[in-house]
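Secondary and tertiary structure notes
One-letter residues, chain by chain:
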Amino acid sequence: KTVGDQFPDFKKTAVVSLEAGKEFDTLTKKDIQGKWSVIFWWPKDFTFVCPTEITRFNDHYEEFEKLDARVIGASTDSEYVHLAWRGSHPGLKSLKFPMLADTSKSLAEELGILQADEKIAYRVTFIVDPEGTIRWVCANDLEVGRNVPEVARVLEALKTGKLTPCDWVPGMATLS
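Structure report, in brief. (Residues numbered from 1 in each chain as written. Predicted model: local features only at pLDDT ≥ 70, side-chain atom pairs only at ≥ 80, totals over all residues. Heavy atoms only, no water.)

**Here we look at the packing of aromatic side chains**
Centre-to-centre distance and the angle between the planes together describe a pair of aromatic rings. Filter applied, for reference: Any two rings among Phe, Tyr and Trp, with Trp reduced to its six-membered ring, count as a pair given centres within 6.5 Å; such a pair is stacked if its planes are under 30 degrees apart, edge-to-face if over 60, and tilted if neither. Categorising residues by exposure relies on relative accessible area from a 1.4 Å probe, with only protein chains included: less than 20% of the type maximum marks a residue as buried, more than 50% marks it as exposed, and the intermediate range marks it as partly exposed. Numbering of helices and strands runs from the N terminus; a helix is a DSSP stretch of H or I covering at least four residues, while a strand is a stretch of E covering at least two.
This model, assessed by the stated rule, comprises nine aromatic pairs. With a centroid separation of 5.6 Å and 45° between ring planes, the pair formed by F40 and W42 is classed as tilted. Each member of the pair, F40 as well as W42, carries the same accessibility label: buried. Ring geometry for W42 against W85: centres 6.3 Å apart, planes inclined by 55°, an arrangement best described as tilted. Separated by 43 residues along the polypeptide, W42 in the loop between β3 (36–41) and α1 (50–59) and W85 in helix α3 (residues 79–88) bring together distant segments of the chain. The class for W85 is buried, based on a relative accessible area of 2%. Taken together, the ring pairs connect F40, W42, F46, F57, F64, W85 and F97 into an aromatic cluster.

**Considerations on the pairing of strand β6 (residues 123–128)**
The side chains of a regular strand alternate between the sheet's two faces. Inclusion rule: Strands are labelled as partners when DSSP assigns at least two bridges between them.
Most of β6 is tucked away, with six of its six residues classed as buried. A two-sided burial pattern is seen for β6, the buried positions comprising R123, T125 and I127 on one face and V124, F126 and V128 on the other. Pairing between β3 and β6: four bridges, direction antiparallel. Across the sheet, the residue bridging to S37 is V128, located in β6. Across six bridges, β6 lies against strand β7 (residues 134–140) in antiparallel orientation. Its bridge partner being in β7, V124 is matched across the sheet by A139. In textbook terms, the turn of a hairpin is the stretch between consecutive antiparallel strands, and for β6 and β7 this stretch comprises five residues, one of which, G132, has a positive phi near 90°.

**Thoughts on helix α5 (residues 148–160)**
In an α-helix, one turn spans 3.6 residues, which is why side chains three or four residues apart end up on the same side. The line we're drawing: The length a helix should cover is 1.5 Å for every residue beyond the first. By the convention used here, residues are in contact when the closest approach between their heavy atoms is within 4.5 Å. Two N or O atoms count as a polar contact when they lie within 3.5 Å, although within protein this holds only if one can serve as hydrogen donor and the other as acceptor, and sequence-adjacent residues are included solely when both atoms are side-chain atoms.
Between its first and last C-alpha, α5 extends 19 Å over 13 residues, near the 18 Å set by a 1.5 Å rise per residue. Looking at the buried side of α5, the elements it contacts are β3, α1, α2 (61–66), β4 (69–75), β6 and β7. At the N-terminal end of α5, a side-chain oxygen is found 3.1 Å from the backbone nitrogen of E150, two or three residues along, and the residue is N147. Downstream of α5 by a residue or two, G161 has a phi angle that is positive, lying close to 70°.

**Structural notes on the pattern of salt bridges**
Keep this limit in mind: One side-chain nitrogen of Lys or Arg within 4 Å of one carboxyl oxygen of Asp or Glu is enough to make a salt bridge.
Overall, the coordinates contain 10 salt bridges when judged by the stated rule. With a shortest N-O distance of 2.8 Å, K44 and E118 are connected by a salt bridge. Highlighted residues: K44 in the loop between β3 and α1 and E118 in the loop between α4 (106–111) and β6, separated in sequence by 74 residues. For K44, a relative accessible area of 32% translates into the label partly exposed. Its relative accessible area of 42% is what places E118 among the partly exposed residues. With a shortest N-O distance of 2.7 Å, R123 and E53 are connected by a salt bridge. In this pair, R123 sits in strand β6 while E53 sits in helix α1, placing the two residues 70 residues apart along the sequence. Neither residue differs from the other here; R123 and E53 are each classed as buried.

So this is what it looks like as structure tokens:
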């Protein structure tokens, strides 16, 4: 899937809390409709680059919230692996957004973001508008971490509804 496509329908379990009895919730496409959404994928839990990205999204969570956008993280690991990782990694214990488990890999496959050999997701970020249309996609190789402030900048640019010039930053004039 790419810019202009509808984000696929899905129904997946996500880790939403470390509180006993409230760890899991089911997320569907309805949860990303009616509001801008940032959905980002990482290859594997318990790795090296992934937690640096996840914690950066958490560091910028309030910025995304001010932009009235949901943040959802995802990988092809199970909800139980997510829960164990979140509970054991100091930087992940206080996450403010859900960790989606695409254990069947069906959503990652439909999005076209599975790495061929290991069948794990590339580092891909989607910005989805309130109607469920993908408005921005950024894909990184497995070794390269993404730039979270750039995701926020692009979201803010998209939300202007106007043309933004090269190197536009929030507060700069738009072209229309």
